[in-house]
Amino acid sequence: MTTQTGYANLTGEYTLDPTHTRIGFVARHAMVTKVRGAFNEFTGTAHIDGDDPAKSSVTVAIKANSIDTRNADRDAHLRSNDFLSMDEHPEITFVSTSIRQTGDASFDVTGDLTIKGITKSVTVPFEFEGTAQDPFGNTRIGFEGSTTINRKDFGVTWNAALETGGVLVSDKVTLEFEVSAIKAA
């Protein structure tokens, strides 16, 4: 049974299910198209307080070298010092600082996002997609959200000018989260 109201029964500790969660991004390329990618290795936990969502919290740690845009050369460039500097900064982290319910099934999750050792406050609007018992007896919850950041704010500044004007990679990057989390027994 899936429900979208009555959050009190959701109170508890949760772990992100990496096989059913996507942490992705979208950036404009050559000013004419979009490149989509994802991070394939990450961990995350959440404490949900269904009676008082403001007392909830989330932490996520992403392995920078797990970046995947379906192009090995581009992925290698993104792992380099031009972009993520994964040798010096192997993890991208997010630690929530506040959670605010903004509608029946919507929540703003604000927290500290750290990329390349630079930490900035970011707010991600999330929609609660529901809860369900899976065939293995696990209680699952689902959330989806996205937000746009300026990569230069995090020291990711590499670019190349195009002969036709504009640049190869947009400054704005949309971060996308499709989350399935499993409640601890």
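- In the nomenclature of an unreviewed UniProt entry, the chain corresponds to Polyisoprenoid-binding protein YceI from the organism Amycolatopsis thermoflava.
- Among the UniProt annotations of the chain, the heading Sequence similarities (unreviewed entry) holds the following wording: "Belongs to the UPF0312 family."

1. Points about the overall build of the chain
- Check the secondary structure of the chain and you find one helix and 11 strands.
- Along the chain direction, N to C, the helices and strands of the chain fall in the order β-β-β-β-β-β-α-β-β-β-β-β.
- Within the chain, the proportion of its 185 residues that are buried is 43%.
- Long-range pairs, those at least 24 residues apart, make up 56% of the contacts in the chain with a sequence separation of at least 6.
- Carbon and sulfur atoms make up 52% of the accessible area of the chain, which totals about 10,000 Å².

2. With respect to unusual backbone geometry
- If you check the backbone angles, arginine 70 has positive phi at about 70 degrees while not being a glycine.
- Structurally, arginine 70 is set in the loop between strand E6 (67-68) and helix H1 (72-79).
- On the basis of relative accessibility, which here comes to 76%, the residue arginine 70 falls in the exposed class.
- Its identity as a non-glycine residue notwithstanding, lysine 116 has a phi of 55 degrees, on the positive side.
- Of note, lysine 116 is situated in the loop between strand E8 (106-115) and strand E9 (118-133).

3. Things to note about the packing of aromatic side chains
- Scanning the model with the defined rule gives seven aromatic pairs in all.
- Put simply, the rings of Tyr7, Phe107, Phe126, Phe128, Phe143 and Phe177 pair up and form one aromatic cluster.

4. A short note on a negative patch on the surface
- Taken together, the side chains of Glu127, Glu129, Glu144 and Glu178 present a region of like negative charge at the surface.
- Topologically, glutamate 127 is positioned in strand E9.
- Here glutamate 127 falls in the partly exposed class, since its relative accessible area comes to 38%.

5. Notes on the environment of arginine 36
- Tracing the backbone shows arginine 36 in strand E3 (residues 33-39).
- Residues arginine 36 and threonine 174, spaced 138 residues apart in sequence, show a C-alpha to C-alpha distance of 9.5 Å.
- Arginine 36 has contacts with Phe25, Val26, Thr69 and Glu176, leaving out every residue within four places of it along the chain.
- Within the structure, arginine 36 has its side chain in polar contact with the side chain of glutamate 176 (distance 3.4 Å).

6. Examining the environment of aspartate 51
- Mapping aspartate 51 onto the fold places it in the loop between strand E4 (42-48) and strand E5 (57-63).
- Classification of aspartate 51 by relative accessible area gives exposed; the value is 65%.
- Residues aspartate 51 and threonine 11, 40 residues apart in the sequence, show an inter-C-alpha distance of 7.5 Å.
- For aspartate 51, the contacting residues outside a window of four places in its chain are Ala8 and Thr11.

Definitions and limits used
Residues numbered from 1 in each chain as written. Predicted model: local features only at pLDDT ≥ 70, side-chain atom pairs only at ≥ 80, totals over all residues. Heavy atoms only, no water. UniProt positions renumbered as here; feature names shortened; annotations may be inferred. Helix = DSSP H or I, 4+ residues; strand = E, 2+ residues; numbered from the N terminus. Buried < 20%, exposed > 50% of the residue type's maximum accessible area, 1.4 Å probe, protein only. Contact = heavy atoms within 4.5 Å. Areas by Shrake-Rupley, 256 points an atom, 1.4 Å probe, with all protein chains shown as cover. Phe/Tyr/Trp six-rings, centres within 6.5 Å; stacked < 30°, edge-to-face > 60°. Patch = residues over 30% accessible without salt bridge, like charges linked within 9 Å, V, L, I, M, F, W, Y side chains within 5 Å. Salt bridge = Lys/Arg side-chain N within 4 Å of Asp/Glu carboxyl O. Lys, Arg positive; Asp, Glu negative; His and termini not counted. Charge placed at Lys NZ, Arg CZ, Asp CG, Glu CD. Polar contact = N/O pair within 3.5 Å; in protein donor to acceptor, adjacent residues only side chain to side chain.

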